[in-house]
Amino acid sequence: MKKKGIIFLLVTLIILGVLIAFTVNTPGIVNPEDYEPAVYSTIFSLLPPVIAIVLALITKEVYSSLFVGIVSGALLYANGNLELMLNTMMFNEEGGMVYKLADSWNVGILIFLVILGILVALMNKVGGSAAFGIWASEHIKTRMGTQIATVLLGVLIFVDDYFNCLTVGSVMRPVTDRRNISRAKLAYLIDATAAPVCIIAPVSSWAAAVTSSVPDDSGINGFSMFLKTIPYNFYALTTLLMMLTMIVMKFEYGPMKTHEKNAFEKGDLFTTEARPYGNADQEMKTPYGKVIDLVFPVIVLIACCIMGMVYTGGFFSGESFVTAFADADASVGLVIGSLITLIITFCFYMVRGVLTFKEFTECIPEGFKAMVAPILILTMAWTLSGMTGLLGAKFYVHDLVAASATGVQMFLPAIIFVVAVFLAFSTGTSWGTFAILIPIVCNVFEGADTYEMLVISISACLAGAVCGDHCSPISDTTIMASAGAHSDHVNHVSTQLPYALTAAAVSTVGYLLAGILGYKYEGSIALVSLPITLVLLVVTILVIKSVAGHNVESSAAKE
């Protein structure tokens with residue numbers, strides 16, 4: 001506590017210093033249309049998320065860290081004007097918390113979260129989760145098998161990352177708990193099969209977002225371009241390979257090793273004292289609970305959410321399935337699908353005689369309470385991202401990439417990857433990252449002799465956006481993974497970060513190789529660059545294993 005107090009005191013002094021430094025430029029009454037902060041489109045525009053991320057990793061406390069980041073951003077925007085700072089934090093139309101909560105897309109995600117929480121509470125109430133946990137324990141005998149089953153389920157649910165995180169967590173959490181797999185490891189497995197899978201799945205909300213990010217006047221078919229980027233998406237592919245390799249090798253390193261060791265040897269699934277979801281994990285064992293009570297709602301949820309998404313894209317108005325997915329509104333589709341699932345599940349349980357109407361109504365506040373933590377974190381993360389936008393971070397990155405393009409085209413894919421990682425890590429948004437960078441890349445390679453370099457560079461942009469999103473504590477997907485696993489958010493971030501950085505380092509080398517080959521030779525060079533990158537990843541893991549020491553399970557024979 002003393003250490004945390006000192007850290008926050010230092011942060012307070014820094015903020016006061018910023019306030020004093022900028023008070024001399026106090027703008028008084030400003031016109032939002034022509035007002036521009038002193039640090040607009042400079043490197044300082046990325047300072048607020050950096051402050052929040054560093055504080056979260058040091059103090060292990062996410063709420064106050066995000067709040068300090070928001071205050072820092074508002075102070076920088078207001079040039080020290082306290083009145084303008086408070087109005088910016090709460091009521092600015094581009095980044096204020098009230099307007100972020102009034103945004104229909106954001107509200108839809110929050111409603112989807114609450115409905116999923118209610119569904120999980122219902123499945124626990126009737127004993128479906130407990131019954132599935134017992135069935136899975138009888139059929140999946142090992143920790144390795146349990147982890148592989150989690151990965152396979154995550155890969156199968158490729159439609160949307162939010163949907164992936166919460167569904168996989170709800171289904172597999174009882175199973176991983178019984179096999180003493182730490183919540184941090186479960187969160188990593190969920191997170192590593194969310195965005196990395198969606199970014200290489202042609203039928204997903206992410207494919208739609210990438211397609212819409214390609215400029216209309218570029219002469220490029222967005223969906224066709226997305227398909228061509230898949231074999232060059234080194235980060236997504238190395239992340240999936242790394243996850244499977246480490247599961248098979250029964251190997252962990254970094255903070256994850258401590259979490260897994262405590263879970264395996266002591267049955268401590270959390271390692272730290274933080275229990276953000278309270279009693280939401282308690283399984284209700286009833287004599288009426290069956291496996292079907294969990295499987296049926298999950299299958300209905302998948303089908304209804306897919307139908308809800310293509311409905312918003314015009315599928316039932318004559319559009320093709322692929323076109324409907326490309327034009328889908330994920331937020332609206334997920335709300336429609338989850339709400340229909342909730343109604344069907346209620347009717348199913350009533351017909352089976354395992355649930356009364358009173359028990360159903362009791363699950364509604366229980367589900368809401370279980371999602372309070374991710375709702376708070378998401379709200380503050382959106383606001384922090386809004387502060388970064390108000391400071392012109394995207395224009396700073398635009399100028400940075402454009403300046404780097406001159407005379408270094410063969411190294412441009414690696415440069416774009418690193419810039420995308422930093423931008424997504426700082427802002428917590430992968431969609432926003434490739435929406436900013438893809439038009440820049442298209443402009444850089446306009447009229448270029450080789451189309452392949454354009455494909456590689458856009459792939460680097462997508463991979464970097466996913467990597468930064470995967471690493472960032474303020475990323476909505478990372479927050480959802482913590483919610484799905486019922487893991488402490490900071491524990492998830494700190495244990496996942498070494499793994500994500502390893503895959504990122506290998507991917508950077510892959511893009512250096514692909515850029516050099518693509519610059520010198522015509523045609524697809526994925527058949528060369530991808531295998532080399534994957535082999536390099538395996539070699540890197542073997543080197544880390546030789547340095548890190550024994551496996552988590554090497555000292556015991558519980559399996």
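Residues numbered from 1 in each chain as written. Predicted model: local features only at pLDDT ≥ 70, side-chain atom pairs only at ≥ 80, totals over all residues. Heavy atoms only, no water.

Draft legend 1. Looking closely at helix 16 (residues 292–312). For helix 16, which comprises 21 residues, the first-to-last C-alpha distance of 30 Å matches the rise-based estimate of 30 Å (1.5 Å per residue) to within 8%. All of the buried residues along helix 16 are Asp293, Leu294, Pro297, Val298, Val300, Leu301, Cys304, Cys305, Gly308, Met309 and Val310. Positive backbone phi, at 90°, marks Gly314, one or two positions downstream of helix 16. (Helix = DSSP H or I, 4+ residues; strand = E, 2+ residues; numbered from the N terminus. Expected span 1.5 Å × (residues − 1). Buried < 20%, exposed > 50% of the residue type's maximum accessible area, 1.4 Å probe, protein only.)

Draft legend 2. Broad picture of the packing of aromatic side chains. According to the stated counting rule, one finds 15 aromatic pairs in the structure shown. Relative to Phe321, the ring of Phe315 lies with its centre 5.7 Å away and its plane at 85°, an arrangement referred to as edge-to-face. On the basis of relative accessible area, Phe315 is assigned to the partly exposed category, the value being 29%. Its relative accessible area of 31% is what places Phe321 among the partly exposed residues. These aromatic residues form a ring-pair network of at least three members: Tyr188, Phe251, Tyr253 and Tyr499. (Phe/Tyr/Trp six-rings, centres within 6.5 Å; stacked < 30°, edge-to-face > 60°.)

Draft legend 3. View of the pattern of salt bridges. Summed over the entire model, instances satisfying the criterion amount to 5 salt bridges. Across the pair Lys185 and Glu252 runs a salt bridge, and its minimum N-O distance is 2.5 Å. Of this pair, Lys185 sits in helix 10 (residues 183–192) while Glu252 sits in the loop between helix 14 (234–249) and helix 15 (255–266), and the two are 67 residues apart along the sequence. Taken as a pair, Lys185 and Glu252 share a single burial class, namely buried. Of the charged contacts, one joins Asp293 and Arg352 as a salt bridge, the two residues approaching to 2.9 Å between their closest N and O atoms. Of this pair, Asp293 sits in helix 16 while Arg352 sits in helix 18 (residues 330–352), and the two are 59 residues apart along the sequence. We classify Asp293 as buried; its relative accessible area is 0%. (Salt bridge = Lys/Arg side-chain N within 4 Å of Asp/Glu carboxyl O.)

Draft legend 4. Representation of helix 8 (residues 143–156) within the structure. Helix length check: helix 8, at 14 residues, gives a terminal C-alpha distance of 20 Å against a target of 20 Å (1.5 Å per residue), a fit within 8%. Listed in full, the buried residues belonging to helix 8 are Arg143, Thr146, Gln147, Thr150, Val151, Leu153 and Gly154. Buried residues of helix 8, viewed axially, fall in a sector of 160°; they line one side. Seen from the buried face of helix 8, the exposed residues on the opposite side, beyond 90 degrees, are Leu152 and Leu156. Where helix 8 is buried, its residues touch helix 9 (161–178), helix 10, helix 11 (195–198), helix 14 and helix 15. (Arc of directions from axis to C-beta. Contact = heavy atoms within 4.5 Å.)

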